[in-house]
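What follows is the residue order along each chain.
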Amino acid sequence: MKITIFGSGYVGLVTGACLSESGHQVLCMDVDKAKIEGLNRGDIPIYEPGLKELVISNSKSGDLLFSSDTEKAIKFSQLQVIAVGTPADEDGSADLSHVLNVAANIGKYMDEPKTVVTKSTVPVGTSDKVRRSIQIELEKRGLCLDVAVASNPEFLKEGAAIADFMKPDRIIVGSDSSRVRKVLRELYAPFNRNSDRMIYMDIRSAELTKYAANAMLATKISFINEIANLAETLGADIEQVRLGIGSDPRIGYQFIYPGCGYGGSCFPKDVRALAKTADDNGYSMALLDAVEKTNNRQKTRLFSMVNQHFKDDVKGKTFAIWGLSFKPKTDDMREAPSRVLMQALWDSGASVKAHDPEAMGETARIYPDQNLLELVSSRDEALLDADALIICTEWQHFRAPDFEHIKTTLKNPVIFDGRNLYDPEQMAQIGITYYAIGRGASVNR
């Protein structure tokens, strides 16, 4: 099949690379000419394990094309996939301007029937707006061409997106058209061989499914963080509690890892957008408001621990930070807990020496003029002349360090662990003062 994908960001680029790898011919269109020129050179604008190799190999084979020519992209195929960004507006709602601009352009340039699939995360009712935007442009041109609109939300985890696409646990298709369902079944046939993962539903239900999934996962994270904070107050160990509740198959172990809060491009934005959709329709989602409030508070926990340990006197001190991205295996810094921590340290007059395996470039881009930030090339270099170590991201590289080296290198043998990577009893035996999330019964203080 020939497919046009609008947007060559995270979702669009992963989708295009994986579809072309299966033999489809894909054209990724983006209005950012510099990005398209870079992609044509083999420069990948984001870090995602395995993505660069797929993009380069399929570009060389001619199955993956890149263009900033809107008209060319629209006329390239009958199947048009919208995968542009939907950033949050000031009121928390999803900004649909990019989505609707693509839809208007499709109506402006199409000269044959089209199937338009929205893969961007959008509020319920967006497909109706997409259809209307296309029809308005067709009416201006005096044309009557068939346009089928469908919702096909993505469920890609940053850091595991290629595997998620190649071996999906579900493929949601929102459409009442048997023809569209047949087209999308053909599109996903290479990824749907072992068992049927296609789930068909109406468009509005498909649009809501994506938001509901992310809101549910965010809720689990905020819940376990609330229990962790209570455990710390009561002198219980959240890691033991987590094992106890996770063994219940109705709860499971996924997304009940306590920490310093969730971030990224999806959970924060989608929780706010779903709550705003509810408000706009006369319903208040108190649970989602609490989820967001809990997460925002959780992002301040590390600084509170640091400030308490140093008795409200961190000015002039230097802190080593391991991990900057919001999660491992990505360079995404959007709404990362590390950003809240660093800002609080800087506001208090402290300096930061930070290392991250992938997010150094993105951090430098975000903070080009921050003279209290030093980005270093290794975890050990970050420890030099630092008063304490703070862990924000659970990269594999940080899980088994040389603790004796940490103890002797830091000015104070103190670790503030926002991801509960280490054993408190081991830290106590080594002589490291260890602060973690919700491990009040075991922490050496």
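Parameters at a glance
- Residues numbered from 1 in each chain as written.
- Predicted model: local features only at pLDDT ≥ 70, side-chain atom pairs only at ≥ 80, totals over all residues.
- Heavy atoms only, no water.
- Helix = DSSP H or I, 4+ residues; strand = E, 2+ residues; numbered from the N terminus.
- Buried < 20%, exposed > 50% of the residue type's maximum accessible area, 1.4 Å probe, protein only.
- Contact = heavy atoms within 4.5 Å.
- Lys, Arg positive; Asp, Glu negative; His and termini not counted.
- Charge placed at Lys NZ, Arg CZ, Asp CG, Glu CD.
- 1 Å grid on protein atoms, 1.4 Å probe; cavity = no way out; pocket = protein on both sides within 12 Å on 5 of 7 lines; lining within 4 Å.
- Points joined across faces, edges and corners; volume = space filled by probe spheres on them.
- Nonpolar A, V, L, I, M, F, W, Y, C, P; charged D, E, K, R; others polar.
- Pairing = 2+ DSSP bridges.
- Salt bridge = Lys/Arg side-chain N within 4 Å of Asp/Glu carboxyl O.

A.B. asks: Got a sec to walk through the overall build of the chain? Specific residues and values, please.
C.D. replies: In terms of regular secondary structure, the chain is built from 18 helices and 14 strands. C-alpha extents for the chain along the principal axes are approximately 75 × 45 × 45 Å. Per-residue burial over the chain gives 54% buried out of 445 residues. Put simply, 71% of the contacts in the chain that link residues at least 6 apart link residues at least 24 apart. Taking the average place of the 53 positive charges on the side chains of the chain and the average place of its 60 negative ones, the gap between the two points comes to 3 Å.

A.B. asks: Hey, could you go over empty space enclosed by the protein for me, with residue numbers and the actual values?
C.D. replies: In total, this model carries two cavities of 30 Å³ or more according to the counting rule given. Looking at the largest cavity, its volume works out to about 50 Å³. In terms of lining, the largest cavity is formed by Thr118, Ser120, Thr121, Val122, Ser151, Pro153, Ala206, Glu207 and Lys210. With three residues, helix α9 (residues 203-234) is the single largest residue contributor to the lining of the largest cavity. Here the lining of the largest cavity is composed, by residue class, of three nonpolar, four polar and two charged. Thr15, Leu19, Val81, Val117, Lys119, Asn152, Leu184, Leu187 and Tyr188 together form the lining of the second largest cavity. Those elements giving two or more residues to the lining of the second largest cavity turn out to be α1 (10-21) and α8 (178-187).

A.B. asks: Account for helix α13 (residues 301-309), with residues named and values stated.
C.D. replies: Every buried residue of α13 is listed here: Arg301, Leu302, Phe303, Met305, Val306 and Asn307. After α13 finishes, the residue Lys311 shows a positive phi value of roughly 55°.

A.B. asks: Outline the pairing of strand β2 (residues 25-29), supporting the account with residue identities and numerical values.
C.D. replies: With four of five residues buried, β2 lies mostly within the body of the structure. Sheet topology note: the strand β1 (residues 2-6)/β2 ladder contains five bridges and is parallel. Each residue of the ladder has a partner; that of Lys2, found in β2, is Gln25.

A.B. asks: Break down the layout of surface pockets for me, citing the residues and quoting the values.
C.D. replies: Think of a ball as big as a water molecule: rolled over the atoms, this probe shows where empty space is left. If you add up the space inside the second largest pocket, you get close to 200 Å³. Taken together, 13 residues make up the lining of the second largest pocket; nearest its centre are Pro123, Val124, Lys129, Thr277 and Asp280. The set of elements that each furnish at least two residues to the lining of the second largest pocket consists of α6 (126-140) and α11 (267-280). The element contributing the most residues to the lining of the second largest pocket is α11, with four residues. Residues belonging to the lining of the second largest pocket are distributed by class as follows: five nonpolar, five polar and three charged.

A.B. asks: Please set out the pattern of salt bridges residue by residue, giving values where relevant.
C.D. replies: Overall, the coordinates contain 28 salt bridges when judged by the stated rule. In this structure, Asp128 engages Arg131 in a salt bridge whose closest nitrogen and oxygen atoms are separated by 3.5 Å. Within this pair, Asp128 and its partner Arg131 are both found in helix α6, separated by three residues, close to a single helical turn. Classification of Asp128 as partly exposed rests on a relative accessible area of 38%. Here Glu335 makes a salt bridge to Lys299, at a shortest N to O gap of 4.0 Å. Taken as a pair, Glu335 in the loop between β9 (318-322) and α14 (337-347) and Lys299 in the loop between α12 (286-298) and α13 lie far apart in primary sequence, 36 residues in all. Residue class for Glu335 comes out partly exposed when judged on its relative accessible area of 31%. Salt bridges linked by common partners bring Arg272, Glu292, Lys299 and Glu335 together as one network.

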